Amino acid sequence: MNYSLISLEIAVVILGLGLLLADLWIRPEQKTRLGYLAALGVGLILFWSFKFSGVPSASAFNGMFVLDPLALYFQRFFLLAAIIVLIMSVAFAGRIATGISEYYSLIIFALAGMMFAASANDLALLFVALELITVTFYVLTSFQRARLASLEAGVKYLIIGALSSAFLVYGIALVFGTTGQLNFNRIAAVASEFADNRVFLLGILFILVGLSFKLAAFPAHLWAPDVYQGSPVPTTAFLAVGSKAAGFVLLLRLLFTAVPAITERWNDLLIVVAMVTILYGNLCAIPQRNLKRIFGYSSIANAGYLLMGVAALSGAGRAAVLYYLGGYLFAVLAAFLVILLVMNEVEGEDISALAGLNQRSPLLAAALTCSMVSLAGIPPLAGFFGKFLLIKAALEQGAIDPLYYWLVGVAFLGVIISISYYFGVIRAIYWSKEPPVLSAIPVPLILRLALYVCLAGMFYLGLFPNTVVELANAAVKVLAVR
Amino acid sequence: MLAWTVYISFLGVLALMLLPAGNARAARGVALVTALLGFLIGLVSAFGFAPERGIQTITRTAWIPGLGIDYYLAADGISVTLVLLTGLAAVAGILFSWNIEHRAKEFFVFYLALIAGVYGVFLSFDLFLLFVFYELAIIPKYFLIAIWGSTNREYGAMKLALYSFIGSAMVLVGLVAAYVTAGSKTMDLLVLAQYPFPPALQNWAFPVVFIGFAILAGLWPFHTWAPTGHVAAPTAASMLLAGVVMKLGAYGALRVAMTLFPLGLATWRNEIALLAVIGIVYGALVALVQKDFKFVIGYSSVSHMGFVILGLVTLNTIGMTGAVLQMFSHGVIAGLLFGVVGRMVYDRTHTRDLPELEAMRLNKALPFAAGTFAVAAFASMGLPGFSGFAAELQVLIGAWSAFPTYTVLAGVGIVVGVAYTLRVLQMAFFGEAPEPVPEAAHPLPPITLPERLGAVLLIATTVLIGLCPRLLLSLIGPSFQSPLFEHVLKGGNL
């Protein structure tokens, strides 16, 4: 057994446990700063992860766990997201009554779950990784115990999460019951025998429903706006970026490693789900006034765009998903950093809280504007190139199935609709009817650095996409079925 | 060297960002120097340019090799003409916005970013790059109108942004479809234009891409953003909007839509010519009844841009050359008209209502403005000796062989054009006040030097091109001999 393969995960878990222990000895007024230590630790692990670049793919625990370029791509993605989320949590600490060090360690444990998800090659590990993420998020969403909205978010997340876990575990049971296998590769080997076995297909369908909860995609998308709105800001950011990406890596592995033949037969289903998700997210976002709620719906819409890449059933499509997630990470984290800082100054999360932001802090205004422009898919930022890749991948399949043309049409419609609410946010920053408060918003150095990283990421990915595209292409090669 | 028009504008943006806020004079200075340098680079390149050598590569490096996307700048006579126009409009626009004090630094940052994007579009021969520059020009426009605009600015800005984005989404659909059909190997316009796209694709992709671009050129019935956008925009922005941004649309329609899909062009050219002619006549008729000074000019832009589109779809060298010349000519004249309306008149009288202006007898109060506007009005009407005449005449000659009926209708449009131009000239400047004007109470500030300079620059250009159109025609004409336009001129017959 090669334990070095899971050394990154082990390091993350040790870091989480270490934080919990450190909490016992550190004086209360010092505890807030523990977050920086956690971020530093995660940063070191991220640095260490580059030692694994170029190492040939390998698996451990009877093929349950794989470490390949795809897993590494996502693990670095999660580590990077966690660093920024931890920095955000330190700035948010003032709003959390007690147990800030538990908050940090829960983020680390959620991170561990995501890292296992990136490497999961087995239905059992898939389930365990997802539950590790979901259960920590039950606590993270309701961490502001004194705030009703936060508690409400926690309960909603719990109920819908439990329901989708039920679907997931039932689906896994059906698949295991029919095939007797849990490992993706072994399922793939026998899947052709069960191609018409309805119980097996139902099992796969149930697993997909369970996963759609993580993606915030139709049919289990309803929780997203409420939970995004109610949760503490760092939780929402991690939910939007990390949790969604974990869902996608699992979806990619399941669909293209375990049941590629069924995936090809079901492409119409994937297309329709993508279309519904895009339309639902974008249309519902239009009338929203709460900033975090806008992101809840935008997150649904983005899950729809990402599903386009999955539905395209091609290497180009899967690489586009990876690239798009990269751009999405920087745009969303930049936006939540700004929201966090603005909300520290102004009570309320209404979009009008942004009034006059360009005078209160030009940096924050510029960062939020760039984030919106990127999410709206306007060049030269990352979001545009991501959408370009996704749409190209879908169009390339149009010759096979005309439904892809419809998908592309819906995606364009979604992009145009989304401009109205993303620009609504920009409008609120630069000109608003309400007389704005004009006190300057202080931006602590470390948050400023985090913002710069996000901005640089958006511009770098948009202007010089080549490196990441190559990385993504290399990563999805392990899923090569066609 | 032409590539430096783009870089110098971006450098200007950077330099402005580093300036301390609140120093409006320095911001103006940096912006003016940048724009002048861009203009000079364009001018020098134009003199040294050999249009008969076709499309000349300026720089080319792999950008995203995996997808066959290059950073590919090149130029032919059409590009050079429009680069010159952009430089001219940029300089004049800055001269006409010399009085901007409110957030001047930001104003010029957006202004130069817009200019950089426009230069980029005119010089890109990689479709992806072209599209990126095209979009880059939209965002600053939105900010310019929404922050520094006047009447109904939020509505105007949002409407303009939405129309632009819908247009560019349509363009992108067609471009990606062409790219994927040709095997996802290259975005090089010159290569893709030689690819025999199947007729079915051309027949849907051509109208989608053409209209996507033409929305920005103010093609009827997708023009409605133009009058509201122009009216809402601050002077310099409306000069740029009418002067160069509308040309982006026409340029894209010519350079991309027509060359990529010549068969689709052959199928749809009649319908497009019809829309263009409706635009010419409709814009002129609506301009005839407007009460707002700026709306008159806004609708006149719709009418004049109709000539550009009509010229493009004639598919003969005379008409298409005329269309490009009309782009240049209208850019200069519309810039001048908007400069007079927005800066010389509105900033002083704070009204654009024609009956109110009629009572002010501005020819006495602002003789320079009246003189400038009179010249601009004559140029706009298409009087011989001004650039508009040479351009519209060429378009009509070209159109006569292709669409005789439409040509007659376009002629009607010119007559109505004379009517609304004279009407607005008379009402705005040479009104008959029923009672003596209380002039002493509110003496209008005199016309400043930068305004005079800007006006003289634009008037000189329109007269120069009017008297000697060969200067530009010798640049534009040979460009249509390049293989890029081969299929276009043959009406799609391969």
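Residues numbered from 1 in each chain as written. Chains lettered and ligands numbered in written order. Predicted model: local features only at pLDDT ≥ 70, side-chain atom pairs only at ≥ 80, totals over all residues. Heavy atoms only, no water.

## Some remarks on the overall build of chain B
Inclusion rule: Note on conventions: DSSP H or I runs of at least 4 residues are helices, E runs of at least 2 residues are strands, and numbering of each starts at the N terminus. Taken over C-alpha atoms, the radius of gyration is set against a globule rule of 2.2 Å times the number of residues to the power 0.38. Under the scheme applied here, a residue whose accessible area is under 20% of the maximum for its type counts as buried, over 50% as exposed, and between as partly exposed, the area being computed with a 1.4 Å probe on protein chains only.
Each helix and strand counted, chain B has 22 helices and two strands in total. Against the compact-globule benchmark of 23 Å for 494 residues, chain B has a radius of gyration of 21 Å, which places it among compact chains. C-alpha atoms of chain B, sized along the principal axes, occupy 70 × 55 × 40 Å. Classification of the 494 residues of chain B by burial places 67% in the buried group.

## Quick look at the environment of valine 453 of chain A
You can see valine 453 of chain A is positioned in helix 19 (residues 445-463). Sequence separation between valine 453 of chain A and isoleucine 84 of chain A is 369 residues; the distance between their C-alpha atoms is 9.3 Å.

## Description of the state of the cysteines
Applicable threshold: We call a pair of cysteine sulfur atoms a disulfide whenever their separation is within 2.5 Å.
Counting across every chain of the model gives zero disulfides over all chains. Cysteine cysteine 454 of chain A is unpaired, with the sulfur of cysteine 370 of chain A as its nearest cysteine sulfur at 11 Å.

## A few points about the layout of surface pockets
Let me state the cut-off plainly: As defined here, a cavity is a set of points on a 1 Å grid over the protein atoms alone where a 1.4 Å probe fits but cannot get out. A pocket is an open set with protein on both sides within 12 Å along at least five of seven lines, and residues line them when an atom is within 4 Å of a point. Grid points are joined across faces, edges and corners, and a volume is the space filled by probe spheres set on the points. For this classification, Asp, Glu, Lys and Arg are treated as charged, while Ala, Val, Leu, Ile, Met, Phe, Trp, Tyr, Cys and Pro are nonpolar and the rest, including Gly, are polar.
Within this model, the largest pocket holds a volume of roughly 1,800 Å³. Along the walls of the largest pocket sit 46 residues, with Phe459 of chain A together with Val13, Met17, Val109 and Phe110 of chain B positioned nearest its centre. Broken down by element, the lining of the largest pocket gets its largest block of residues, seven residues, from helix 1 (residues 3-18) of chain B. Its residues assigned to classes, the lining of the largest pocket shows 37 nonpolar, five polar and four charged.

## Describing unusual backbone geometry
Residue proline 380 of chain A is bonded to the preceding proline 379 of chain A through a cis peptide linkage, with omega at 5 degrees. Following the sequence through the fold, proline 380 of chain A ends up in the loop between helix 16 (362-375) and helix 17 (382-396). Note that the residue after tryptophan 220 of chain B, namely proline 221 of chain B, is joined by a cis bond; omega there is 0 degrees. For proline 221 of chain B, the location among the structural elements is in the loop between helix 9 (199-216) and helix 10 (225-232). In this structure, phenylalanine 61 of chain A takes a positive phi of about 55 degrees despite not being glycine. On the secondary structure map, phenylalanine 61 of chain A appears in the loop between strand 1 (58-60) and strand 2 (65-67). Although it is not a glycine, leucine 313 of chain A sits at a positive phi angle of roughly 55 degrees. Secondary-structure assignment places leucine 313 of chain A in the loop between helix 13 (291-311) and helix 14 (315-345).

## Overview of the interface of chain B and chain A
Going by this rule: Between two residues, a contact is recorded if the distance between any of their heavy atoms is within 4.5 Å. Accessible area that two parts lose when put together, with a 1.4 Å probe and added across both, is what the buried area reports. Should a side-chain nitrogen of Lys or Arg be within 4 Å of a carboxyl oxygen of Asp or Glu, the pair is scored as a salt bridge. Here a polar contact is recorded for every N or O atom pair within 3.5 Å, except that within protein the pair must consist of a potential hydrogen donor and a potential acceptor, and residues adjacent in sequence are included only if both atoms are side-chain atoms.
Counting from both sides, the interface comprises 31 residues of chain B and, opposite them, 31 residues of chain A. Together, the buried faces of chain B and chain A total about 2,800 Å²; carbon and sulfur atoms form 81% of this surface. For the pair chain B and chain A, the number of links is zero salt bridges. Applying the counting rule to chain B against chain A returns one residue pair in polar contact (both at pLDDT 80 or more). When the residues that make up the side of chain B that touches chain A are grouped by side-chain class, the tally is 26 nonpolar, two polar and three charged.

## Some remarks on the packing of helix 14 of chain A against helix 20 (residues 466-476) of chain A
All names here are of chain A. Selection rule: All axes are obtained by fitting lines to C-alpha atoms, using only the stretch in contact for helices, and the reported angles, taken between N-to-C directions, cover 0 to 180 degrees. These descriptions rest on fixed angle ranges, namely under 35 degrees for roughly parallel, over 145 for roughly antiparallel, 65 to 115 for roughly perpendicular, and the rest for oblique. Left-handed describes a crossing whose near helix is turned anticlockwise from the far helix through less than a right angle; right-handed describes the clockwise counterpart.
Put simply, helix 14 and helix 20 touch, their axes get as near as 8 Å, and they point 125 degrees apart. By the angle class used here, helix 14 and helix 20 are oblique. Seen from above, helix 14 lies across helix 20 with right-handed handedness. Between helix 14 and helix 20, the residues in contact are Gly315, Arg318, Ala319, Leu322 and Tyr323 and Val468, Val469, Ala472, Asn473, Ala475 and Val476, respectively. When its residues are assigned to classes, the contact of helix 14 with helix 20 shows eight nonpolar, two polar and one charged.

## Thoughts on the confidence of the model for chain B
The test is simple: Every residue is assigned a pLDDT by the predictor, reflecting its confidence on a scale from 0 to 100.
Here chain B shows a mean pLDDT of 84. Residues at 70 or above account for 97%. Taken together, the chains of this predicted complex give a pTM of 0.88 and an interface ipTM of 0.83.

## Overview of the packing of aromatic side chains
Counted only if it meets this: Here a pair means two rings of Phe, Tyr or Trp (six-membered ring of Trp) with centres within 6.5 Å. Their orientation is stacked below 30 degrees between planes, edge-to-face above 60, and tilted elsewhere.
Overall, the coordinates contain 49 aromatic pairs over all chains when judged by the stated rule. Here the aromatic rings of phenylalanine 388 of chain A and phenylalanine 128 of chain B are separated by 4.8 Å at their centres, their planes lie at 65 degrees, and the arrangement is edge-to-face. Here the residue phenylalanine 388 of chain A occupies a position in helix 17, and phenylalanine 128 of chain B occupies one in helix 5 (residues 127-136), the pair thus bridging two chains. Of the residues examined, phenylalanine 388 of chain A reaches a relative accessible area of 1% and is grouped as buried.

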